[in-house]
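Read off the chains here:
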Amino acid sequence: MAINKEAYKKLIEELNAEKVTLVAVSKTKPVADIQELYDLGQRDFGENYVQELVDKETVLPKDIRWHFIGHLQSNKVKYIASFVHLIHGVDSLNLLKEINKQAAKNNRVIDCLLQVHIAQEETKFGFDETELNVLMREYANVQMKNITIVGLMGMASFSDDLQKVRSEFKKLKILFDQFNIQHPTLKILSMGMSGDYTIAIEEGSTMVRIGSLLFGAREYQK
Ligand SMILES: *Cc1c(COP(=O)(O)O)cnc(C)c1O
């Protein structure tokens, strides 16, 4: 399956104009497709599964910035700690501590985004506002020299109700601005996917995670 070069070029122009970073989500897609997008200049790629990410990192160019955007289990952090660029879905203090530990072993500081639960209907991973407050307080008190919380990440409901999607993004942006006052290290707001990135950008996203628009629909079974 070939990538959609036209869609990529159009998207990049659009995102550059808004100063929004594109993470090309390549989960389930072959290495050849990633290489093709790389050859067009793309460097930020996102993956959801640890083993798949490790396999791809081994064979693809070393200047790719790999984003882990899936649900990360603590016992798997060690496999990606030596190279991962940004971990989007941090959803517990324990996970944060484990990332800190593995980053230290690798003499690195790993950037992390806290995942916030903004969708009303679906059960998705992430903190609510109260939990986020608690975590940011603990983060300020506990010494974790090998991680930096650089922002927030969220996923809106999968819904045709665009007003609802918009209001969920709005909610995340408000939280982001609130936290930014107390924690000036926050600079990334990761929200928006193929189906809703336009709304996400209008609502203040600085980083979008886009897969199917570039790589085509995903097929999970072979
Ligand atoms: C798969 C995935 C995406 C990309 O979804 P598309 O609809 O294909 O653009 C973005 N973010 C997360 C967290 C994902 O799991």
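Everything quoted here is computed from the prediction, not taken from an experiment.

Caption draft 1: Quick look at helix α3 (residues 50–59). For α3, the full list of buried residues reads V50, E52, L53, K56 and E57. Along the axis of α3, the buried residues cluster in a sector spanning 160 degrees; they form a single face. Of the exposed residues in α3, those oriented more than 90 degrees away from the buried face are Q51, T58 and V59. Buried-residue contacts for α3 involve α2 (31–39), β2 (44–47), β3 (65–68) and α4 (77–80).

Caption draft 2: Main features of the pairing of strand β8 (residues 207–210). Alternating residues of β8 divide into M207 and R209 and V208 and I210, and every residue in both groups is buried. Sheet topology places strand β1 (residues 21–25) next to β8; four bridges connect them, and they run parallel. Residue pairing for β8: T21 is matched across the bridge by M207.

Caption draft 3: Focus on the packing of aromatic side chains. This model, assessed by the stated rule, comprises one aromatic pair. Seen from their ring centres, F45 and W66 are 6.1 Å apart, and the 45 degrees between their planes marks the pair as tilted. With F45 in strand β2 and W66 in strand β3, this pair connects stretches of sequence that are 21 residues apart. Like F45, the residue W66 is buried in the burial classification. The residue whose ring lies beneath R43 is Y38, and the NZ or CZ to ring-centre distance is 3.5 Å.

Caption draft 4: Highlighting the environment of E13. Its location among the elements puts E13 in helix α1 (residues 5–18). When the C-alpha atoms of E13 and E168 are compared, they prove to be 26 Å apart, with 155 residues separating the residues in sequence.

Caption draft 5: Expanded view of the site of the ligand. Around the ligand, the surrounding shell holds 13 residues, and the nearest of these are K27, N48, S194, S212 and R218. Between N48 and the ligand, the recorded distance is 2.8 Å, taken from a side-chain N or O atom to an oxygen atom. R209 is positioned with one of its side-chain polar atoms (N or O) 2.9 Å from a nitrogen atom of the ligand. Coverage of the ligand by the protein chains reaches 91% of its 390 Å² of free accessible surface.

Criteria and cut-off values
Residues numbered from 1 in each chain as written. Predicted model: local features only at pLDDT ≥ 70, side-chain atom pairs only at ≥ 80, totals over all residues. Heavy atoms only, no water. Buried < 20%, exposed > 50% of the residue type's maximum accessible area, 1.4 Å probe, protein only. Helix = DSSP H or I, 4+ residues; strand = E, 2+ residues; numbered from the N terminus. Arc of directions from axis to C-beta. Contact = heavy atoms within 4.5 Å. Pairing = 2+ DSSP bridges. Phe/Tyr/Trp six-rings, centres within 6.5 Å; stacked < 30°, edge-to-face > 60°. Lys NZ or Arg CZ within 6 Å of the ring centre and 35° of its normal. Near = heavy atom within 4 Å. Polar contact = N/O pair within 3.5 Å; in protein donor to acceptor, adjacent residues only side chain to side chain. Areas by Shrake-Rupley, 256 points an atom, 1.4 Å probe, with all protein chains shown as cover.

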